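A closer look at the structure
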Amino acid sequence: MNYIRKFYYGDIPEDKGGAEISDSKNPPSGGRGADWPLWEVFIRSKQGLDHKHAGSLHAADAQMAIENARDVYTRRMEGESIWVVESKYITASNPEEAGELYDPAKDKIYRHPSFYNLPDEVNLM
Amino acid sequence: MPVQNFEQIFQGKIDNEVKIEPKDWMPDAYRRTNIRQISQHAHSEVVGMLPEGNWITRAPSLKRKAILLAKVQDEAGHGLYLYSACETLGVSREETMNDLHSGKAKYSSIFNYPTLTWADIGAIGWLVDGAAIMNQVMLTRTSYGPYARAMVRICKEESFHQRQGFESLLVLSRGTEEQKAMCQDAINRWWWPALMMFGPKDSESTNSDQSMKWKIKRKSNDELRQNFVDMIAEQIKTLGMKLPDDKLKWNDERRHYDFGEINWDEFWQVVKGNGPCNKQRLDARKKAWEEGEWVREAAAAYARKKASPNPSKGGALEAA
Ligand SMILES: [Fe+2]
Ligand SMILES: [Fe+2]
């Protein structure tokens, strides 16, 4: 099938020697040892801060996931604590339900301190 | 909702600079274009380690060896960030690797050139990473969220790559006559392939700019290439070297450097697989994958064993 035929930097299109690439419509049978699970990596950059999502990687087990995360995500002192969790255990909200989930917060401006007008002498409250 | 509406909402987000995230609805062509581009980019990072890896054991000092190791390790990381971004589009890592090994998926043709002398390592850092940075800085604003985030991370690491390359050439350019000649020779050989990295001229393409409309790309090949030429033409003055192009000249009217014609025939030959090292590179990747199989298998077996310990055996071991 023809999609984008324009040849951009770093994007060799299918009709110029870049053959049709795979996209999981026909997943491979699974070569031996190629099926390490996917892990999500969370890094705390500094004691006192939250762990923040840094990226993902494949590893055979949790210990290897931490070791690999150390090697790719903390080479320049970006972290001092790592969490890993297998990606399959993460449940994500559905973007199509964003309206139902988040719109109700929109008209509740009384939840913000700026909603309350106070006299100057106490306005630092 | 009809597809038409989904497409409108999608394009609306793009137009308003709202990033597209993995679970959002997206046109299939957008998804496939991103898979192709991100995977090619990932393969380029990984194959790009080979020409440089060639010099790790032969770097002229411990300092240069440590620097080169660190750079090559960064490139492995870049490959990982990009493979992960690619996976968010529903393609498995294994499929992506298979496509590289079968020759279906391409990588940047620059990595099909050989690294003949130590000066090539400096020239690669300065010119090849320099050209890649032009593209990657633009891509930090690409419309697909995971790709853009990978690019931000990559760009933070890239500037060290270009600087160490330039610094290494600077040392050679101030060295002996042989070192100077080696420096100039490396620049001569890498200059044109580096310009080719930006892809064919914009005028070559008769097709619509869908990648621009979707903001996967935000600058044209010619624009990026011109920015690169303007940057390098100035920087080379510090090295006291010459770019191998008689037509290179500042154009006061355009406020840009003019430069000579690229050998597009060579470019297409290399893309089609007939470059000096295409076969060698792919063979090296396949060999690494095949010879790593027992490691992958052993790690998987060990993980399985740990996950389901035999209670009686486990107890015995603990008692012992
Ligand atoms: Fe890189
Ligand atoms: Fe780099």
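Our structure is the block above this text.
Residues numbered from 1 in each chain as written. Chains lettered and ligands numbered in written order. Predicted model: local features only at pLDDT ≥ 70, side-chain atom pairs only at ≥ 80, totals over all residues. Heavy atoms only, no water.

1. Overview of the environment of glutamate 40 of chain A
Residues and elements named next belong to chain A. Quick reminder of the rule: The helix and strand labels rest on DSSP assignments: H or I over at least four residues marks a helix, E over at least two residues marks a strand, and numbering proceeds from the N terminus. Here the term buried applies to any residue with accessible area under 20% of the maximum for its type, exposed to any over 50%, and partly exposed to those in between, with areas from a 1.4 Å probe on protein chains only. Residue contacts follow a heavy-atom distance rule, with two residues in contact if any of their heavy atoms lie within 4.5 Å. Definition of a polar contact: a pair of N or O atoms within 3.5 Å, with one able to donate and the other able to accept a hydrogen when the atoms are protein atoms, and with sequence-neighbouring residues admitted only if both atoms are side-chain atoms.
With respect to the helices and strands, glutamate 40 occurs in strand S1 (residues 38-44). Judged by its relative accessible area of 13%, glutamate 40 falls in the buried class. C-alpha of glutamate 40 to C-alpha of tyrosine 116: the two residues are 76 residues apart in sequence and 42 Å apart in space. Beyond its immediate stretch of four places on either side in the chain, glutamate 40 contacts His53, Gly55, Ser56, Trp83, Val84, Val85, Ser87 and Ile90. Polar side-chain contacts of glutamate 40 include one of 2.9 Å to the side chain of serine 87.

2. What to know about the coordination of the iron ion (ligand 2)
All names here are of chain B. Cut-off, in case you're wondering: Note that water is not among the atoms used; donors are N, O and S atoms within 2.8 Å of the metal (3.2 Å for Na, K and Ca), so sites may look incomplete.
Of the protein atoms, only Glu75 (OE), Asp129 (OD), Glu158 (OE), Glu158 (OE) and His161 (ND1) coordinate the iron ion (ligand 2), at distances of 2.0 to 2.6 Å. For the iron ion (ligand 2), the donor residues sit on a single chain with the sequence spacing E-x53-D-x28-E-x2-H. In this structure the iron ion (ligand 1) is found 3.3 Å away from the iron ion (ligand 2), and glutamate 75 serves as a bridging donor for the pair. With a gap of 29 residues between them, aspartate 129 in helix H6 (residues 118-139) and glutamate 158 in helix H7 (residues 145-173) connect regions that are remote in the sequence. Residue classification places aspartate 129 among the buried positions, given a relative accessible area of 5%.

3. Side note on the packing of helix H4 (residues 62-87) of chain B against helix H5 (residues 93-101) of chain B
All names here are of chain B. Quick reminder of the rule: With axes taken as lines fitted to C-alpha atoms, and helix axes fitted only over the stretch in contact, angles between N-to-C directions fall between 0 and 180 degrees. A clockwise turn of the near helix away from the far one marks a right-handed crossing, whereas an anticlockwise turn of less than a right angle marks a left-handed crossing.
Contact pair H4 / H5: the axes reach a minimum separation of 9 Å and the direction vectors enclose 115 degrees. Crossing handedness for the pair H4 and H5: right-handed. Across the interface between the two elements, Leu80, Tyr83, Ser84, Cys86 and Glu87 of H4 pack against Arg93, Thr96, Met97 and Leu100 of H5.

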